[in-house]
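Notes for the structure review
Each chain is listed here by its residues.
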Amino acid sequence: MNRPPGKLEGQVAIVTGGTSGIGRQACLALAREGAAVVIVGRNRARLTAVAAEVESLRPARACPRGPLGLSLDVSREEDMAAMAKETLQRFGRIDILVASAGILRGAGSRPTRLLDLTSQEWDGIVDTNLKGVFLSNRAVLQTMRAQRSGRIINIASLSGRRAVPFDTPYSASKFGVVGLTQALAREMEPYGVRVQALLPGNTDTPIWSQNEPLPPASQTIPAGRVADLLVLMLTWPFDSTLGELAIAPWRTQARLNYGRG
């Protein structure tokens, strides 16, 4: 039996950080809704694995061309230019960008006071989380402006509303993502391009697993739940707006006032 048409059939979606966590779930959710998906990440093995998952969900009538996996670094200007170029070469348009690439801290690092933080540690986090959003957003803007349509969702965090001590670069970067998104939304509104931020709280992702001791599962939400909200935002009619949305576990004490996405 044929599946009913997806809500995003005919649209082309790029997802940065698409090989794990929220980004991976976003790729799968977009594929289920019929979008052609471009998966951006740095790990080639995980790119191949996610591309296979997306391919298994692809309705052939909606996406005659399969998913595109790109091994690129969001903090590199030339890589983000290549992301847009290769997407246009493959699909001819860009309708959606989900900027999901992000890190909590460097590999093997622990929560650290600002006093003890090196500039290299700061740059590593801010370059991925904030500069990466800037570069990926900028890379698709010319195309979306020419199309006079497009949707960008930047994955921020509830740590971009209330800062988390000992992870200062992460909080600062996520505050920056919220500010960038708000400013860009006003710049692109005249061109029919909607730019929004999604602020997850404690989410069961590889980022969350860096916390020690690991809090109980009841204090996190599955990454797929964030992807469900993402699809709702992307399919919301243009006659109204959902604005900036936050999502957090019901059982967490502070709920929408605190958390790490």
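Parameters at a glance
- Residues numbered from 1 in each chain as written.
- Predicted model: local features only at pLDDT ≥ 70, side-chain atom pairs only at ≥ 80, totals over all residues.
- Heavy atoms only, no water.
- Helix = DSSP H or I, 4+ residues; strand = E, 2+ residues; numbered from the N terminus.
- Buried < 20%, exposed > 50% of the residue type's maximum accessible area, 1.4 Å probe, protein only.
- Contact = heavy atoms within 4.5 Å.
- Areas by Shrake-Rupley, 256 points an atom, 1.4 Å probe, with all protein chains shown as cover.
- Pairing = 2+ DSSP bridges.
- Axes fitted to C-alpha atoms, helices over the stretch in contact; angles between N-to-C directions.
- Phe/Tyr/Trp six-rings, centres within 6.5 Å; stacked < 30°, edge-to-face > 60°.
- Lys NZ or Arg CZ within 6 Å of the ring centre and 35° of its normal.
- Parallel < 35°, antiparallel > 145°, perpendicular 65-115°, else oblique.
- Left-handed = near helix turned anticlockwise from the far one by under 90°.
- Nonpolar A, V, L, I, M, F, W, Y, C, P; charged D, E, K, R; others polar.
- Expected span 1.5 Å × (residues − 1).
- Arc of directions from axis to C-beta.
- Polar contact = N/O pair within 3.5 Å; in protein donor to acceptor, adjacent residues only side chain to side chain.

Take the overall build of the chain next. Within the chain, the regular secondary structure consists of six helices and nine strands. Within the chain, the proportion of its 261 residues that are buried is 49%. In the chain, 73% of the contacts between residues at least 6 apart in sequence involve partners at least 24 apart. Accessible surface, the chain as shown: approximately 12,400 Å² in total, 52% of it carbon and sulfur.

Right, let's talk about the sheet that holds strand 4 (residues 96–99) for a bit. What the seven strands build is an open sheet, ordered 3-2-1-4-5-6-9; its pairing is parallel. Edge strands, defined here as strands with exactly one partner in the open sheet, are strand 3 (68–71) and strand 9 (245–247). Here the strands of the sheet are splayed against their neighbours by 15 degrees on average, with no regard to which way each runs. With four bridges connecting them, strand 2 (residues 36–41) and strand 3 associate as parallel partners. Of the residues in strand 3, the one forming a bridge with G41 is S71. Running at roughly 160 degrees to strand 3, helix 3 (residues 77–91) makes contact with strand 1 (12–16), strand 2 and strand 3 of the sheet. Packed onto the sheet, helix 5 (residues 168–188) meets strand 5 (150–155) and strand 6 (193–200) and runs at close to 160 degrees relative to strand 6.

This brings us to the packing of aromatic side chains. Taken as a whole and judged by the stated rule, the model has zero aromatic pairs. One residue, R194, lies across the ring of F238, its end atom 4.3 Å from the ring centre.

All right, on to the packing of helix 4 (residues 119–147) against helix 5 then. At a minimum axis distance of 8 Å, the contact between helix 4 and helix 5 shows a crossing angle of 15 degrees. Between helix 4 and helix 5, the angle is such that the two are roughly parallel. For the crossing formed where helix 4 meets helix 5, the hand is right-handed. For the pair helix 4 and helix 5, contact is made by W122, I125, V126, N129, L130, V133, F134, N137, L141 and R145 and by T168, P169, Y170, A172, S173, K174, G176, V177, L180, L184 and M188, respectively. Considering only residue class, the contact of helix 4 with helix 5 consists of 14 nonpolar, five polar and two charged.

Here the focus is the environment of Y170. Tracing the backbone shows Y170 in helix 5. Y170 sits in the buried class, given a relative accessible area of 1%. Counting along the chain gives 48 residues from Y170 to W122, while the straight-line C-alpha distance between them is 8.6 Å.

Further remarks concern helix 2 (residues 44–57). An ideal rise of 1.5 Å per residue puts 20 Å on 14 residues; helix 2 measures up with 20 Å between its terminal C-alpha atoms. Within the sequence span of helix 2, burial applies to L47, V50, A51, V54 and L57. Buried residues of helix 2 fall within an arc of 115 degrees about the axis and therefore sit on the same side. Of the residues in helix 2, the exposed ones pointing more than 90 degrees away from the buried face are A45, T48 and S56. Taken together, the buried residues of helix 2 touch helix 1 (21–32), strand 2 and strand 3. The backbone nitrogen of A45 has a side-chain oxygen 3.0 Å away, supplied by the residue at the start of helix 2, namely N43.

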